[in-house]
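Each chain, written out:
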Amino acid sequence: MSADSRLLPSYADLSIASPAERRSFNALVDALRDAQEAVTRSRPSESAARRAAALLSEAAELLGEGVPDSEQLAGRLWDEPGRAQALAPPLYIDDVDGTSARGRVTFSRFHAGVRTVHGGALPLVFDEIMGRLATTSGKPFARTAHLTIDYRAGVPVDTEVEVFARVKRVEGRKLFLSSELCLDGTVLTECQGLWVQIREDPR
Ligand SMILES: CCCCCCCC/C=C\CCCCCCCC(=O)SCCNC(=O)CCNC(=O)[C@H](O)C(C)(C)COP(=O)(O)OP(=O)(O)OC[C@H]1O[C@@H](n2cnc3c(N)ncnc32)[C@H](O)[C@@H]1OP(=O)(O)O
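Definitions and limits used
- In every chain, residue numbers begin from 1 and rise along the written sequence.
- The model is predicted, so local features are restricted to residues of pLDDT at least 70 and side-chain atom pairs to those at 80 or more, both for listing and for counting; the totals for chains, interfaces and linings are taken over all residues.
- With hydrogens and water excluded, all non-hydrogen atoms of the structure serve as input to the side-chain values.
- UniProt positions are given in the numbering used here, feature names are shortened, and annotations may be inferred rather than shown by experiment.
- Stacked, edge-to-face and tilted are the three classes for Phe, Tyr and Trp ring pairs, Trp counted by its six-membered ring, which pair at centre distances within 6.5 Å; planes under 30 degrees apart are stacked, over 60 edge-to-face, the rest tilted.
- Either the NZ atom of lysine or the CZ atom of arginine qualifies as a charge over a ring when it sits within 6 Å of the ring centre and within 35 degrees of the ring normal.
- Throughout this document, a residue counts as near a molecule or strand when at least one of its heavy atoms sits within 4 Å of that molecule or strand.
- We define a polar contact as two N or O atoms separated by no more than 3.5 Å, with the added condition that, inside protein, one atom must be a possible hydrogen donor and the other a possible acceptor, whereas residues neighbouring each other in sequence contribute only through side-chain atom pairs.
- Here the open area of atoms and residues is found with the Shrake-Rupley method and a 1.4 Å probe, where only the protein chains shown may cover a residue.
- Starting at the N terminus, helices and strands are each numbered in turn, a helix being any DSSP run of H or I of at least four residues and a strand any DSSP run of E of at least two.
- Residues are sorted three ways: Asp, Glu, Lys and Arg are charged, Ala, Val, Leu, Ile, Met, Phe, Trp, Tyr, Cys and Pro are nonpolar, and all the rest, Gly among them, are polar.
- One less than the residue count of a helix, multiplied by 1.5 Å, gives the span that helix is expected to have.
- Buried means the residue's accessible area, taken with a 1.4 Å probe over protein chains only, is under 20% of the maximum for its type, while exposed means over 50%, and partly exposed covers the values in between.
- In this description, contact between two residues means that some pair of their heavy atoms is separated by no more than 4.5 Å.
- By the convention used here, strands pair only if DSSP detects at least 2 bridges between them.
- A score between 0 and 100, pLDDT records how confident the predictor is in each residue.
- By convention in these notes, a salt bridge is any Lys or Arg side-chain nitrogen within 4 Å of a carboxyl oxygen on Asp or Glu.

- By the naming in an unreviewed UniProt entry, the protein chain is Acyl-coenzyme A thioesterase THEM4, taken from Brevibacterium daeguense.
- Here is the UniProt Sequence similarities (unreviewed entry) comment for the protein chain, exactly as written: "Belongs to the THEM4/THEM5 thioesterase family."

Okay, structure coming up:
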């Protein structure tokens, strides 16, 4: 997805990576996602499992101890799916303005429970899209205070689903948001959320 100024919360830390560094880091996160999915889908022989473990350990060793979190890139590349954070399902936020947001996500078996998407993985997507909506378009920084999820129907893996979110009302520092995940116009999961604007903005 190309960078779009409406999608970027204008955090100062956006400038911490050059375009080339962003591209190479994002390729690393993509490879990590592929590895997570491949491990989940596999039933390797003993030797293949040991060899794969050694390769993954070698990659971790290559990356070393890391940098302070104020310098890390994971979770801070706003225009990349899931903000280049491999925990988050790869959510593409296609549009966000002051009052609503729209995105797409395809869950894979890594985020699945029994056949359908794990009930703990779905809030990751809601928190992400509503968090973006709550903090973008010049709004002060806010934190998730409360989420309520209604699981209406199982969410299939390997299938692109749409996610919609909107600001329902604002009361002082409190933002009440709602969101739903849909497939072919049918709501599969709904979420109601409360974000509270914090007194000191960390951006
Ligand atoms: C250097 C790097 C910078 C970059 C940073 C990047 C970050 C990415 C950001 C954005 C991009 C989008 C990516 C996704 C983002 C996801 C967001 C998260 O997941 S945030 C993590 C999970 N959430 C927490 O850890 C909150 C923990 N809780 C708190 O910190 C506090 O409890 C907080 C801020 C929520 C409220 O604390 P108070 O002291 O400011 O305010 P009080 O007085 O307690 O509450 C204010 C009002 O809200 C109500 N309230 C508070 N909590 C409530 C609750 N759980 N249920 C109902 N009402 C609640 C209260 O009753 C009060 O209401 P009345 O004003 O009296 O009407």
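There's more to say after this.
### As for the packing of aromatic side chains
And step 1. All told, the structure shown has zero aromatic pairs when counted by the stated rule.
And step 2. Over the face of the ring belonging to phenylalanine 176 we find arginine 169, whose NZ or CZ atom lies 3.9 Å from the ring centre.

### Some remarks on the site of the ligand
And step 1. In the region of the ligand, 21 residues are neighbours, and Asp127, Thr144, Ala145, Arg173 and Lys174 sit closest.
And step 2. Taking aspartate 127, its side chain carries an N or O atom lying 2.6 Å from an oxygen atom of the ligand.
And step 3. At 2.8 Å from an oxygen atom of the ligand is found a side-chain nitrogen or oxygen belonging to lysine 174.
And step 4. The protein chains hide 53% of the 1400 Å² of surface that the ligand would expose on its own.
And step 5. At the level of secondary structure, the elements contributing two or more residues to the shell around the ligand comprise helix 3 (122–135), strand 3 (142–151) and strand 6 (186–197).
And step 6. Per-element accounting of the shell around the ligand gives the leading share, five residues, to helix 3.
And step 7. Its residues placed into classes, the shell around the ligand shows eight nonpolar, four polar and nine charged.

### Considerations on helix 3
And step 1. End to end, helix 3 covers 20 Å across 14 residues, agreeing with the expected 20 Å (1.5 Å per residue, within 8%).
And step 2. Of all 14 residues in helix 3, twelve are buried; the element is thus mostly enclosed.
And step 3. Turning to helix 3, its buried residues are Leu122, Pro123, Val125, Phe126, Glu128, Ile129, Met130, Gly131, Arg132, Leu133, Ala134 and Thr135.
And step 4. In this structure, the buried residues of helix 3 make contact with strand 1 (92–96), strand 2 (100–106), strand 3, strand 4 (160–171), strand 5 (174–183) and strand 6.
And step 5. One or two positions beyond helix 3, positive phi appears at serine 137, with a value near 55 degrees.

### Here's the deal with the side chain of glutamate 128
And step 1. Mapping glutamate 128 onto the fold places it in helix 3.
And step 2. Relative accessible area serves as the criterion here: at 12%, glutamate 128 is assigned to the buried category.
And step 3. Among all residues touching glutamate 128, those that are not within four sequence positions of it are Arg83 and Leu91.

### Considering the pairing of strand 2
And step 1. A one-sided burial pattern is seen for strand 2, the buried positions being Ala101, Gly103 and Val105 and the unburied ones Ser100, Arg102, Arg104 and Thr106.
And step 2. Of the strand pairs in this sheet, strand 1 and strand 2 are connected by four bridges, and their pairing is antiparallel. When the bridges of strand 2 are listed, aspartate 95 appears paired with arginine 102.
And step 3. Between the end of strand 1 and the start of strand 2, which pair antiparallel, lie three residues.
And step 4. Across seven bridges, strand 2 lies against strand 4 in antiparallel orientation. Across the sheet, arginine 102 pairs through a bridge with phenylalanine 164, a residue of strand 4.

### A short note on the confidence of the model for the protein chain
And step 1. On average, residues of the protein chain carry a pLDDT of 90, and 91% of them reach 70 or more.
And step 2. Below a pLDDT of 50 lies the segment residues 1–8, which in the model reaches 18 contacts outside its immediate sequence neighbourhood of four places, other chains included.
And step 3. Complex prediction metrics read pTM 0.89 and ipTM 0.87.

### Structural notes on the pattern of salt bridges
And step 1. In this structure the tally under the stated criterion is ten salt bridges.
And step 2. Across the salt bridge formed by arginine 50 and glutamate 46, the nearest N and O atoms sit 3.5 Å from each other. Within this pair, arginine 50 and its partner glutamate 46 are both found in helix 2 (residues 46–63), separated by four residues, close to a single helical turn. Grouping residues by exposure puts arginine 50 and glutamate 46 together as exposed.
And step 3. When the shortest N-O distance is used, the salt bridge between glutamate 171 and arginine 169 registers 2.8 Å.
And step 4. With relative accessibility at 39%, the residue arginine 169 sits in the partly exposed group.
And step 5. One continuous salt-bridge network, built from bridges that share partners, spans Glu37, Arg41 and Asp158.

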